[in-house]
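Here's the letter readout for the chains.
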Amino acid sequence: MEILTSESLFKQSFERAISPEGYMNLLQEYSAAGKTTGPKQAEDLIHYTRLNAQRGRRIFKTWTLNQELVEKIKSIGEKQTWLLLTESWCGDAANSVPVISRLANQNPSIDLKVLLRDSNLEIMDQYLTNGGRSIPKLIVIDQGFNELFTWGPRPQQAQDLYSEWRNSENRIPYSEFHLLMQQWYNQDKGEAVQRELLKFIS
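So, a few notes on the structure that sits alongside this text.

What counts as what
- Residues numbered from 1 in each chain as written.
- Predicted model: local features only at pLDDT ≥ 70, side-chain atom pairs only at ≥ 80, totals over all residues.
- Heavy atoms only, no water.
- Salt bridge = Lys/Arg side-chain N within 4 Å of Asp/Glu carboxyl O.
- Helix = DSSP H or I, 4+ residues; strand = E, 2+ residues; numbered from the N terminus.
- Buried < 20%, exposed > 50% of the residue type's maximum accessible area, 1.4 Å probe, protein only.
- Lys, Arg positive; Asp, Glu negative; His and termini not counted.
- Pairing = 2+ DSSP bridges.
- Right-handed = clockwise from strand over helix to strand, strands pointing away.
- Phe/Tyr/Trp six-rings, centres within 6.5 Å; stacked < 30°, edge-to-face > 60°.
- Lys NZ or Arg CZ within 6 Å of the ring centre and 35° of its normal.
- Axes fitted to C-alpha atoms, helices over the stretch in contact; angles between N-to-C directions.
- Parallel < 35°, antiparallel > 145°, perpendicular 65-115°, else oblique.
- Contact = heavy atoms within 4.5 Å.
- Nonpolar A, V, L, I, M, F, W, Y, C, P; charged D, E, K, R; others polar.
- Core = buried A, V, L, I, M, F, W, Y, C linked by side-chain atoms within 4.5 Å.
- Expected span 1.5 Å × (residues − 1).
- Arc of directions from axis to C-beta.

**Section: the pattern of salt bridges**
Here is step 1 of the chain: With the rule as written, the count across this model stands at 7 salt bridges.
Here is step 2 of the chain: With its nearest N and O atoms 2.2 Å apart, the salt bridge here joins arginine 16 to glutamate 122. Of this pair, arginine 16 sits in helix α1 (residues 7-16) while glutamate 122 sits in helix α6 (residues 121-124), and the two are 106 residues apart along the sequence.
Here is step 3 of the chain: Classification of glutamate 122 by relative accessible area gives partly exposed; the value is 31%.

**Quick notes on the side chain of arginine 55**
Here is step 1 of the chain: With respect to the element layout, arginine 55 can be found in helix α3 (residues 43-62).
Here is step 2 of the chain: For the buried arginine 55, no salt bridge exists, and the shortest N-O distance to an oppositely charged side chain is 9.5 Å, to aspartate 92.

**Some points on the pairing of strand β4 (residues 147-151)**
Here is step 1 of the chain: Note: strand β3 (residues 137-142) against β4, 4 bridges, orientation antiparallel. Residue pairing in the sheet places isoleucine 139 in a bridge with threonine 150 of β4.
Here is step 2 of the chain: Where β3 hands over to β4, the hairpin turn is made up of 4 residues, of which phenylalanine 145 adopts a positive phi near 65 degrees.

**Brief notes about the pairing of strand β2 (residues 110-116)**
Moving residue by residue along a regular strand, the side chains alternate between the two faces of the sheet.
Here is step 1 of the chain: Counting buried residues along β2, 5 of its 7 residues qualify, which places the element largely inside the surrounding structure.
Here is step 2 of the chain: For strand β1 (residues 80-86) and β2, the ladder comprises 7 bridges, and the chain directions are parallel. In the sheet register, threonine 86 faces β2, and the bridge partner there is leucine 116.
Here is step 3 of the chain: For the segment spanning β1, helix α5 (residues 91-104) and β2, crossover handedness is right-handed.

**Some points on the packing of aromatic side chains**
Both the distance between ring centres and the angle between the ring planes are used here to describe each pair of aromatic rings.
Here is step 1 of the chain: Overall, the coordinates contain 10 aromatic pairs when judged by the stated rule.
Here is step 2 of the chain: Between tryptophan 165 and phenylalanine 177, the ring centres sit 4.7 Å apart and the planes meet at 15 degrees, which makes this aromatic pair stacked. Placement of the pair is tryptophan 165 in helix α7 (residues 156-167) and phenylalanine 177 in helix α8 (residues 174-188), with a sequence separation of 12 residues.
Here is step 3 of the chain: One aromatic cluster is present, built from ring pairs that chain together Tyr48, Tyr162, Trp165, Tyr174 and Phe177.
Here is step 4 of the chain: A cation sits over an aromatic face here: arginine 154 above tyrosine 162, 4.3 Å from the ring centre.
Here is step 5 of the chain: A cation over an aromatic ring shows up here: arginine 171 above the ring of tryptophan 165, its NZ or CZ 4.9 Å from the ring centre.

**Looking at the packing of α3 against α8**
Here is step 1 of the chain: At their nearest, the axes of α3 and α8 sit 14 Å apart, and the two run at 5 degrees to each other. Here α3 is positioned roughly parallel relative to α8, judged by the angle of their axes. Within the contact between the two elements, α3 uses Tyr48, Leu51, Arg55 and Arg58 and α8 uses Tyr174, Ser175, His178, Gln182 and Asn186.
Here is step 2 of the chain: Considered class by class, the residues forming the contact of α3 with α8 number 3 nonpolar, 4 polar and 2 charged.

**Regarding the nonpolar core**
Here is step 1 of the chain: Within the largest apolar cluster, 55 residues are counted, with the highest numbers of intra-cluster contacts made by Trp82, Leu138 and Leu197.
Here is step 2 of the chain: Per-element accounting of this core gives the leading share, 6 residues, to α5.
Here is step 3 of the chain: Residues within four places of leucine 197 in sequence aside, it is in contact with Leu69, Ile100, Leu103, Leu138, Phe149 and Trp151.

**Things to note about α7**
Here is step 1 of the chain: The terminal C-alpha atoms of α7 lie 16 Å apart, and with 12 residues this matches the ideal 16 Å at 1.5 Å per residue to within 8%.
Here is step 2 of the chain: Among the residues of α7, those classed as buried are Ala158, Gln159 and Trp165. Taken down its axis, α7 places every buried residue within 125 degrees of arc, on the same side. Exposed residues on α7 whose side chains face more than 90 degrees from its buried face are Glu164 and Asn167.
Here is step 3 of the chain: Next to the buried residues of α7 lie α8.

Shown next as structure tokens:
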């Protein structure tokens with residue numbers, strides 16, 4: 001384990017964090033108001049915020065938790081903080097945040113705090129993916145502010161699909177790729193992210 005971010009920086013982020021329930025409510029509020037989180041109020045981001053608000057509710061209620069992972073999480077004895085960087089318009093987050101939220105609920109020793117990426121760039125920029133501010137990003141730390149592990153922005157298989165699209169010379173428009181990626185998530189139903197988290201927690 002190593003301390004990658006100062007204790008004071010983490011504590012400052014805690015003050016700006018919101019609960020998972022607060023984040024889900026925020027999604028609903030922004031969707032109803034025709035807004036999105038972050039400084040850019042573009043029509044496509046507002047559209048994805050609406051979609052994500054609907055998906056988040058459905059996923060939270062219907063996707064099944066991995067029972068082996070649930071038992072591992074319940075066995076955690078020391079207090080942990082799970083920091084989750086996201087934004088309302090992020091499609092990958094819409095499919096992962098509800099699952100991570102339900103997992104954190106399995107153990108009162110786990111405090112899940114949601115951070116909006118664009119309001120917490122000082123932390124985000126320490127957890128880049130291939131140089132980019134990709135989200136969601138989960139950072140798990142112990143009581144001494146030691147990093148235990150990180151996960152994100154998406155399961156490896158989904159990351160491979162994204163990289164293939166990103167590096168294609170004749171790539172399809174993002175709107176079409178977004179639909180293909182969502183089909184993958186709908187078929188996977190949160191199993192891949194849970195398998196990956198199980199490896200870290202084990």
